[in-house]
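# Structural features, examined
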Amino acid sequence: MSEYSAVEGLKQVQESIRRAASDHGRDPSGITLVAVSKTFPAEEIEPVLAAGQRVFGENYVQEAKAKWPRLRERFPDAELHMIGPLQSNKAREAVELFDVIHTLDRPSLAEALAKEIARSARKPCLLVQVNTGEEPQKGGVIPTEIDAFLEACHSRYGLQIEGLMCIPPAEDPPSPHFALLNTIAGRHGLPMLSMGMSADFDAAIQLGATHVRVGSAIFGARSRPSK
Ligand SMILES: *Cc1c(COP(=O)(O)O)cnc(C)c1O
């Protein structure tokens, strides 16, 4: 066991979110903390669940499948969010496992998700990832194509989209990216904005984030590299 306390990290992040909400004139109840537990084993997630946190983010279908069914037996009201790149051939497992998918970003995935939603009794909440920095190595729809993609999700695939997600380029100041995401969401009347991580959730809250995805500030530094 490490000395690091994720429960202490959780309390600090919750307090920082409350402070950011107050600083920026927002109701803290409109901001959901998604605790990003990727790479951390179930034993390190359990105390955070026991402390009352219920919303968690994972990046990999296989890893989430290995950890969460058992955690959910003890905490049936835990809500699981997929925040990593999703392969179309994992759509079935993703629809079974996740309550919210933040990373819908291409027609083939929209088609695969629509098919799995139709055949299962499940209907995860869907967000479209926007590649606001237009980085070739990163997932997400580029801003000039987002209007057409959202239209196709609706009319071609019959999917209801609830919001947008972005990961700003590491080397950029994040605020212009958050502002752009907010503008696109406003244009389409989308209520959910998933933006802000450990280093920049204050700025994201200022610019309208409804979901902040915070990992290392809660769980500590990840020893395994992650995408
Ligand atoms: C890992 C990850 C996070 C959390 O990052 P931290 O810097 O540890 O808070 C948030 N969003 C996505 C998409 C991630 O992959």
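Owing to the predicted nature of the structure, the values given are computational and were not obtained by experimental measurement.

Parameters at a glance
Residues numbered from 1 in each chain as written. Predicted model: local features only at pLDDT ≥ 70, side-chain atom pairs only at ≥ 80, totals over all residues. Heavy atoms only, no water. Helix = DSSP H or I, 4+ residues; strand = E, 2+ residues; numbered from the N terminus. Rg over C-alpha atoms; globule rule 2.2 N^0.38 Å. Contact = heavy atoms within 4.5 Å. Areas by Shrake-Rupley, 256 points an atom, 1.4 Å probe, with all protein chains shown as cover. Lys, Arg positive; Asp, Glu negative; His and termini not counted. Charge placed at Lys NZ, Arg CZ, Asp CG, Glu CD. Buried < 20%, exposed > 50% of the residue type's maximum accessible area, 1.4 Å probe, protein only. Polar contact = N/O pair within 3.5 Å; in protein donor to acceptor, adjacent residues only side chain to side chain. Expected span 1.5 Å × (residues − 1). Bend = angle between axes of the 7 residues up to and from the residue. Near = heavy atom within 4 Å. Salt bridge = Lys/Arg side-chain N within 4 Å of Asp/Glu carboxyl O.

Moving on to the overall build of the protein chain. Of regular secondary structure, the protein chain possesses nine helices and eight strands. For a compact globule of 227 residues, the expected C-alpha radius of gyration is about 17 Å, and the protein chain comes in at 17 Å, within 12% of that figure. With the C-alpha coordinates aligned to their principal axes, the bounding extent of the protein chain is approximately 50 × 40 × 30 Å. For the protein chain, the share of sequence-separated contacts (at least 6 apart) that also reach a separation of at least 24 residues comes to 59%. As displayed, the protein chain has an accessible area near 10800 Å², and 51% of this comes from carbon and sulfur atoms. In the protein chain, which carries 25 positive and 29 negative side-chain charges, the distance between the mean positions of the two groups comes to 5 Å.

Let us now look at the side chain of T103. In this fold, T103 is placed in strand β4 (residues 100-104). The buried category is assigned to T103, whose relative accessible area is 1%. Polar side-chain contacts of T103 include one of 2.8 Å to the backbone oxygen of G84. Each residue touching T103, except ones within four places of it in the same chain, is listed here: M82, I83, G84, L86, L109, L127, Q129 and M165.

Turning our eyes to something else, we now look at helix α3 (residues 61-74). When the terminal C-alpha atoms of α3 are compared, their 20 Å separation across 14 residues agrees well with the 20 Å that a helix rising 1.5 Å per residue should span. A maximum bend of about 35° is found in α3 at W68, where proline P69 lies one to four positions downstream. For α3, the complete set of buried residues consists of V61, E63, A64, K67, W68, L71 and R72. Tucked inside the fold, the buried residues of α3 contact α2 (42-50), β2 (55-58), β3 (79-82) and α4 (91-97).

The next point concerns the site of the ligand. Within the structure, the ligand sits among 14 residues, and K38, N59, S198, S216 and R222 are positioned closest to it. Within the contact set of the ligand, an oxygen atom lies 2.8 Å away from a side-chain nitrogen or oxygen of N59. Between the ligand and the protein, one listed contact pairs an oxygen atom with a backbone N or O atom of S216 at 2.8 Å. In isolation the ligand exposes 390 Å². Once the protein is present, 92% of that is buried.

Applying the stated rule across the entire model yields 13 salt bridges. Residue R54 is joined to D77 by a salt bridge in which the shortest nitrogen-to-oxygen separation is 3.0 Å. Taken together, the residues span a long stretch of sequence, with R54 in the loop between α2 and β2 and D77 in the loop between α3 and β3 at a distance of 23 residues. Overall, the relative accessible area of 25% leaves R54 in the partly exposed class. Put simply, R72 and D99 hold a salt bridge, and the shortest N to O gap is 2.7 Å. In this pair, R72 is assigned in helix α3 and D99 in the loop between α4 and β4, connecting sequence segments 27 residues apart. One connected set of salt bridges, linked through shared partners, spans E58, E63 and K67.

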